[in-house]
Amino acid sequence: MGRYDHAAYVSLTMEFRCNLKCVHCMIEGTMDRLAPESDAHFEELLARNAREKRWIGLILTGSEITLRRDLPDLARRARASGFRHVRIQTHGMHLGQASYCRRLVEAGVDEFFVSIAGSDAATHDALTLVPGSFERALRGLETLDAMEGVATLTNTVVTERSYRLLPDLVDRLSHLRRLTQMEFWVYFPMSERDEKGLVPRHGDVLPYLREAISRARAQGRAVEVKNFPECLLGDLGDALVNGQPELHIDPDFWTEFARNGFYQCVHRDACASRECLGLNTAYIEKFGLEADLLSPISRRWQRTSA
Ligand code: SF4
């Protein structure tokens, strides 16, 4: 189960530029068209939360939020308005500079959600297409690991090119004491077809994902898996957490997102899962309905909380 309550956080998309070129980027085709949330919207949200106390945490995200030079200022304003936590979602490249980590922490950022694509420099950099990106992200996580009051989280996109790396990736980060949660997001292409050949077959991913979940939990990490059939996870099904904080983003994003066509499963009517997204259109187009692989969860085994 996740460590953080998504309902207690709100996400603001404040930057749509990025300086990595990750092969699995889901918004590369829309980045130029989507507009970041305005400063006025940011201020409005701070004022609203100061009045209503709806959320305890603000997540500043983007494509790459650290490209905003005023990021420390945004964090400072958020904390001054009453947010108890400010998280940034980042590829971690800029965290490689210890002085930048310190600036962000001093400004009030206390949670760092860092994307780790591979299990070492060679595999990570081959997926981000930027040499040195793994070393810088890892150095950032290690710098933050030595700082009081900071929590880190990681996110790994699970694709045809990365699923075999998951257990080693967990081991590679095992020395980090402040790494509270590892998330594994199974790739979806924001399209009806897997044009880039990155959608992996669930049956192939399963043993690697199970091993990664087990190893991370053995190290005391919380784990969240996104977009994977709950029935396949068996006794690890409670790792599936598809919920997300309320996201404030350009409305055009949702038009693209709808193309995924989630919630398709031949067993849907018989299945008691409340968490599962089933299959999506691109997956079915590539691998079929997987009717024999998937099996409906009976009400008797349904988890009581998510
Ligand atoms: S049977 Fe279908 S809806 Fe139920 S858990 Fe499996 S994939 Fe998800």
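Within every chain, residues take consecutive numbers counted from 1 along the sequence as written. Note on the predicted model: pLDDT of at least 70 is required for a residue's local features to be given, and 80 or more for side-chain atom pairs to be given and counted; whole-chain, interface and lining totals, by contrast, use all residues. With hydrogens and water set aside, each side-chain value is computed from the structure's full complement of heavy atoms.

Taking an unreviewed UniProt entry as the reference, the protein is identified by name as Radical SAM core domain-containing protein belonging to Methylobacterium haplocladii. UniProt positions are given in the numbering used here, feature names are shortened, and annotations may be inferred rather than shown by experiment. According to its UniProt record, the protein has this under Cofactor (unreviewed entry): "[4Fe-4S] cluster".

## Looking at the nonpolar core
Ranked by internal contacts, the top residues of the largest apolar core, which has 68 residues, are Leu 58, Leu 60, Phe 112, Phe 184, Leu 209, Val 225 and Phe 228. Only DSSP runs of H or I reaching four residues or more are called helices, and only runs of E reaching two or more are called strands; each is numbered from the N terminus. The element contributing the most residues to this core is helix α7 (residues 202-218), with 6 residues. Contacts were defined at the residue level, with two residues in contact if any of their heavy atoms lie within 4.5 Å. Apart from the residues lying within four places of it in its own chain, the contact partners of Phe 112 are Arg 87, Ile 88, Leu 95, Leu 104, Val 105, Leu 144, Val 150, Ala 151, Thr 152 and Leu 153. The criterion is simple. A nonpolar core is a set of buried Ala, Val, Leu, Ile, Met, Phe, Trp, Tyr and Cys residues joined through side-chain atoms within 4.5 Å. Exposure classes here rest on a 1.4 Å probe applied to the protein chains alone. A residue is buried below 20% of its type maximum, exposed above 50%, and partly exposed in between.

## Describing the packing of aromatic side chains
Aromatic rings from Phe, Tyr and Trp, taking only the six-membered ring of Trp, are treated as a pair when their centres fall within 6.5 Å; an angle between ring planes under 30 degrees marks them as stacked, one over 60 as edge-to-face, and anything in between as tilted. For the structure on display, the rule yields 10 aromatic pairs. Centroid distance Tyr 4 to Tyr 9: 6.3 Å. Interplanar angle 90°. Geometry classified as edge-to-face. What makes Tyr 4 buried here is its relative accessible area of 12%. With centroids separated by 5.4 Å and ring planes inclined at 70°, the aromatic side chains of Tyr 163 and Tyr 208 adopt a geometry described as edge-to-face. With Tyr 163 in the loop between β5 (151-158) and α6 (166-172) and Tyr 208 in helix α7, the pair connects residues that are 45 residues apart, well separated along the chain. A relative accessible area of 31% means that Tyr 208 is categorised as partly exposed. Grouped by ring-pair contacts, the aromatic residues Phe 188, Phe 253, Trp 254, Phe 257 and Phe 262 constitute a single cluster. Working rule: Lys NZ or Arg CZ, within 6 Å of ring centre, within 35 degrees of ring normal, means a charge sits over the ring. A cation sits over an aromatic face here: Arg 87 above Tyr 4, 4.8 Å from the ring centre. Note that Arg 87 overlies the ring of Tyr 9, its terminal NZ or CZ placed 4.6 Å from the centroid.

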